[in-house]
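Here is what each chain is made of, one letter per residue.
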Amino acid sequence: MKLPIFTVDAFTAKAFHGNPAAVCLLENKLDEDMHQKIAREMNLSETAFIQKLHPTDNFTQSSCFGLRWFTPATEVPLCGHATLASAAVLFYKIKNVNSTLTFVTLSGELTARRAQDGIILDLPLYPTHPQDFHEVDDLIKTAIGDTLVQDIRYSPDTRKLLVRLSDTYKRSFLENLKVNTQNLLQVENTGKVKGLILTLKGEPGGQSQAFDFYSRYFAPWVGVAEDPVTAFQCSCRGGELEISLRPDGRVDIRGGTAIVLEGTLTA
């Protein structure tokens, strides 16, 4: 078996920044267990598999493909940065001729379209609801101790918990915050939460670029201790997303990419 494979840094224009994803092109159907084995071997937060939908399709001319995402531990229903990475491989390395690509996924059809300064993803927008602090008190205190919390929201569709830190904190606080992810699996094992988002209101620009919010994302429940990019990302790699809410209940996310590795997977 020989498969083309790439590593792409997403939501950045610089190599070794942003959120890295592996992208694998499948000319033929892959044994089901092989997806997970490859993702475990690549050992990135997500590995994406682009597959043809029809025998006559090709990666250069076709505009619609199947797309799946795997962490080192499991398949996930949606991954933005690995979708961006997949579109970048098709647009920039395979030289796909189309201006818009459609991916058929577990989260429905997603599109990626060329833009002057990157690629724009059309993704679903999942509503959140107020979350009673006392129901998740143990989880939050395990993760961030006595850090002051301003608001908590929960998305039942994605099983993500969104924790807004107090506006009294600055960006540097979130960047340097030590988050205990090792014990989260023991504290939350009901299946209700599959991801923890810590977010902080942005600061005025001043001498630096202004951002509406900063965030960090943790998902040990699916094998990802911390995902490198989820907004302006306060991880050590950094990363930037431009987000636009649409009136049709979806969201456009624009980002850049840097393809840092190209090779062949053999097994």
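Anything mentioned here points back to the structure above.
To start, this report covers the structure provided alongside it. (Residues numbered from 1 in each chain as written. Predicted model: local features only at pLDDT ≥ 70, side-chain atom pairs only at ≥ 80, totals over all residues. Heavy atoms only, no water.)

With that out of the way, let us pick up the overall build of the chain. Across its full length, the chain holds five helices and 18 strands. Taken over C-alpha atoms, the radius of gyration comes to 19 Å for the chain, in line with the 18 Å a tight globule of 267 residues would show. Referenced to the eigenvectors of the C-alpha coordinate spread, the extents of the chain come out at roughly 55 × 40 × 35 Å. Split into buried and exposed, the 267 residues of the chain put 48% on the buried side. Considering only contacts within the chain whose residues lie at least 6 apart along the sequence, 59% involve residues at least 24 apart. Averaging the positions of the 27 positive and the 31 negative side-chain charges in the chain gives two centres separated by 3 Å. (Helix = DSSP H or I, 4+ residues; strand = E, 2+ residues; numbered from the N terminus. Rg over C-alpha atoms; globule rule 2.2 N^0.38 Å. Buried < 20%, exposed > 50% of the residue type's maximum accessible area, 1.4 Å probe, protein only. Contact = heavy atoms within 4.5 Å. Lys, Arg positive; Asp, Glu negative; His and termini not counted. Charge placed at Lys NZ, Arg CZ, Asp CG, Glu CD.)

Tracing the backbone through its elements, the reader meets Gln36 in helix α1 (residues 32-42). For Gln36, a relative accessible area of 13% puts it in the buried group. Ignoring anything within four residues of it in the chain, the contact list for Gln36 reads Phe70, Thr71, Pro72, Ala73, Thr74 and Glu75.

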